[in-house]
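As a plain string of letters, each chain reads:
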Amino acid sequence: MSDPRCVLGEGTLGRVYKGILQTGQEVAVKKMFDEEADLFKEVKMLSSVEHSNIIKMIGYCNKGKDRIIVFELMPSRSLNLYLHDLKPGKEPLDWKTRMKIAEGVAKALEYLHDQNDPPVIYSGLKSTSILLNENYNPKLSDFSCAIHGPECNYVAIHSKLVRGGGYIGPEYMKTGVLTLESDVFGFGVVLLELISGQKLVEENIRGSGKHDLTSWARPLLDDSKKFPEIADPLMKGQYPYCELVQALDLAKMCVQPEPHKRPRIAEVVTTLSNLGSQISEEAQGTTEADPFTPLTMWRGAVAVA
């Protein structure tokens, strides 16, 4: 695993390598930097969850100085590679694929929140923790910050959460308490990333003087006529305008500063699942859209808590 060509990625807690089992199966091997890393916490959590949009753990090793977890290999690697700093010749994700990824991530969170007792607060949502297979189906990885909820004052992972930056709801920095609504905020940020292709933090976002994605997007989210300004220029306007409005309206609800104003993740899944079917045939582009009030239309589809 010392060969740099085998390195798939690196985070603050460890490095991920590509490996091959004796059976010939290709896998991803996460080797933790810290010998005292709480390997069993992540292993225990991964052993207790199973969903098509959550990474599968194949095995682990806690012998000597080794702190290793072996996962299924996701050949397309992480989402951030397809949104930011695209390599020359690499095609940007189209609208349909972006919404497919958003729906898959939301379904994984719905499973963690609503089909586990007690529910699981993922708390590690970011574009680098969303892995993609060859068909761009997403799977959540990195369960080092996952905890049981529905709310928890969990000081032990504070430093990890702070490194997560703008994906964590602003209430956490005030209260130190994680909730299911914290995950919804993180999803809203990821949805904004998917739609805008914009990094979470940048010195000067599209010449606006803003450096934080949510701070840049909030003024634009208050006026649906400005929604096309949020859309990733690399899509070149190739998206259904009505779908753009509904998706951004959903993102706006998810990143509400007040946790109680955010929708439940089940409602997010319903909205994304219905997004395509709610819209009649419309020419691709950002012009000639049927007039409607986006928030009213979305509230008609799901009830907001």
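All values reported here derive from a predicted model rather than from experimental measurement.

Moving on to the packing of helix 8 (residues 241-254) against helix 9 (residues 265-275). Remark: helix 8 packs on helix 9, axes separated minimally by 11 Å, with the N-to-C direction vectors making an angle of 175°. Taken together, the axes of helix 8 and helix 9 lie roughly antiparallel to each other. Across the interface between the two elements, Glu-243, Gln-246, Ala-247, Leu-250 and Cys-254 from helix 8 touch Val-268, Thr-271, Leu-272 and Leu-275 from helix 9. Looking at side-chain class alone, the contact of helix 8 with helix 9 contains six nonpolar, two polar and one charged residues.

This paragraph deals with the nonpolar core. In globular proteins that are soluble, nonpolar side chains generally tend to be buried together. Formed by 72 residues in total, the largest nonpolar core has its most connected members in Leu-112, Leu-140 and Phe-187. A per-element tally of this core places helix 3 (residues 95-114) first, with ten residues. In terms of domain composition, this core takes at least three residues from each of domain 1 (4-72) and domain 2 (77-276). Once residues within four sequence positions are removed from consideration, Phe-187 is found in contact with Ala-102, Val-105, Ala-106, Leu-109, Leu-125, Cys-254, Val-268 and Leu-272. In terms of nonpolar packing, the next biggest core, distinct from the first, is built from seven residues, Cys-152, Ile-168, Tyr-172 and Leu-180 among them.

With that settled, consider the sheet that holds strand 5 (residues 68-72). Taken in spatial order, the five strands make up an open sheet running 1-2-3-5-4, and their pairing is antiparallel. This sheet does not close on itself; its edge strands, each paired only once, are strand 1 (7-10) and strand 4 (57-61). When strand polarity is set aside, the average angle formed by the axes of neighbouring strands in this sheet is 20°. The pairing of strand 2 (residues 14-20) with strand 3 (residues 26-32) spans seven bridges and is classified as antiparallel.

Basis of the calculations
Residues numbered from 1 in each chain as written. Predicted model: local features only at pLDDT ≥ 70, side-chain atom pairs only at ≥ 80, totals over all residues. Heavy atoms only, no water. Axes fitted to C-alpha atoms, helices over the stretch in contact; angles between N-to-C directions. Helix = DSSP H or I, 4+ residues; strand = E, 2+ residues; numbered from the N terminus. Parallel < 35°, antiparallel > 145°, perpendicular 65-115°, else oblique. Contact = heavy atoms within 4.5 Å. Nonpolar A, V, L, I, M, F, W, Y, C, P; charged D, E, K, R; others polar. Core = buried A, V, L, I, M, F, W, Y, C linked by side-chain atoms within 4.5 Å. Buried < 20%, exposed > 50% of the residue type's maximum accessible area, 1.4 Å probe, protein only. Domains from an automatic or database assignment. Pairing = 2+ DSSP bridges.

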